[in-house]
Amino acid sequence: MADTVLYDVTDGLATVTLNRPDAMNALNIEAKVQLRDTLREAAADPAVRAVLLTATGRAFCVGQDLKEHIGLLAEDRATGSGSTMSTVREHYNPIVTTLAGMPKPVVAGVNGVAAGAGAGFALAADYRVVADSASFNTSFAGVALTADSGMSWTLPRLIGHGRAADLLLFPRSVSAQEAYELGIANKVVPADALAEEAAAVARRLAQGPTGAYAAIKESLAYGAGHSLTEALGKEDELQVRAGASEDHRIAVDAFVKKEKPVFLGR
């Protein structure tokens, strides 16, 4: 396969880069397979303490490669197989569950337009640093499709049901500034500073208490679907685990000594 996805691990930070700039990082089968497998590798690697998902060129990801998709739909009609949409099950769902579920923080460095599944992948990250020239678009209804790539779950949790319904029913380009105001973007930076700023955020997380970050991710996901009483029980469980970590001991010792803690990620 061509390098449709680039991968680098340096000092605990895994950088995963979509690399089809001439196609605005549209997701053909090769790109989807490579992205899925690369993210799984990052999630399983104990040397990786944070992940940065970004892209080359002027787009973050415009979603499904429609040129390839048209050909696959024609094959489906000819064979009656109906297999084209299995990409949701085989590719998009594993990508999103890996991004959202890995026990380490994920930063999306959104360098340009993020549309369809590309927007879904960005929303599945824990933190989004967005270039001021970038934009988001749900896109699905515009091609007579429904939400996928986790967007039915992530988008209403970020901006509320009503606004999510509006963006899904009436797809439009959401600017970086509006995305920030809605709560989609965590930080908006000048386009020429995006790579540096997104990497800085991700490196800071890679140097932090990885176990505590994993617990925070788990508690947020759990709290989204459980009662207050159940969430309090989960917080108790996770805090007991975090309190027994080496990083917590390091942090407390450093606080007493008025020093900056150096976390080990365990």
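Refer to the preceding data block for the structure.
Cut-off values and rules
Residues numbered from 1 in each chain as written. Predicted model: local features only at pLDDT ≥ 70, side-chain atom pairs only at ≥ 80, totals over all residues. Heavy atoms only, no water. Pairing = 2+ DSSP bridges. Helix = DSSP H or I, 4+ residues; strand = E, 2+ residues; numbered from the N terminus. Buried < 20%, exposed > 50% of the residue type's maximum accessible area, 1.4 Å probe, protein only. Right-handed = clockwise from strand over helix to strand, strands pointing away. Core = buried A, V, L, I, M, F, W, Y, C linked by side-chain atoms within 4.5 Å. Contact = heavy atoms within 4.5 Å. Axes fitted to C-alpha atoms, helices over the stretch in contact; angles between N-to-C directions. Phe/Tyr/Trp six-rings, centres within 6.5 Å; stacked < 30°, edge-to-face > 60°. Lys NZ or Arg CZ within 6 Å of the ring centre and 35° of its normal.

This part covers the pairing of strand 1 (residues 5-10). Both faces of the sheet carry side chains from a regular strand, because those side chains alternate between them. Alignment of strand 1 against strand 2 (residues 13-18), held across six bridges, turns out to be antiparallel. Opposite Leu 6, over in strand 2, you have Thr 17 as the bridge partner. Following strand 1, the chain reverses through two residues before pairing antiparallel with strand 2; Asp 11 in that reversal takes a positive phi of roughly 50 degrees.

Right, let's talk about the pairing of strand 3 (residues 50-55) for a bit. By the criterion of burial, strand 3 is predominantly enclosed, with six of the six residues buried. Since strand 2 and strand 3 lie parallel, the crossover through helix 1 (residues 29-44) that links them has a hand, and here it is right-handed. Here strand 3 runs beside strand 5 (residues 106-110); their pairing, made up of three bridges, is parallel. Counted as the bridge partner of Leu 52 is Val 107 from strand 5.

Let us look at the nonpolar core. Counting 61 residues, the largest nonpolar core has Leu 35, Val 51, Val 110, Phe 121 and Phe 136 as its most contacted members. It is helix 8 (residues 194-206) that provides the largest number of residues to this core, a total of seven residues.

Before going further, it helps to spend a moment on the sheet that holds strand 4 (residues 59-61). The mixed open sheet is built from four strands, whose spatial order is 4-6-8-9. The sheet terminates laterally at strand 4 and strand 9 (174-175), the two strands that pair on one side only. Here strand 6 (residues 113-115) pairs with strand 8 (residues 135-137) via two bridges, running parallel. Pairing of Ala 114 across the sheet is with Phe 136, part of strand 8. Running at roughly 100 degrees to strand 6, helix 4 (residues 117-124) makes contact with strand 4, strand 6 and strand 8 of the sheet.

The tally for this structure, following the rule as stated, stands at one aromatic pair. For the pair Tyr 92 and Phe 121, a centre-to-centre distance of 5.9 Å together with 70 degrees between the ring planes defines the contact as edge-to-face. Remark: Phe 121 occurs in helix 4 and Tyr 92 occurs in helix 3 (residues 87-101); sequence separation between them is 29 residues. Phe 121 shares its class with Tyr 92; the two are buried. Lying across the ring of Tyr 222, Lys 234 places its NZ or CZ 5.0 Å from the centre.

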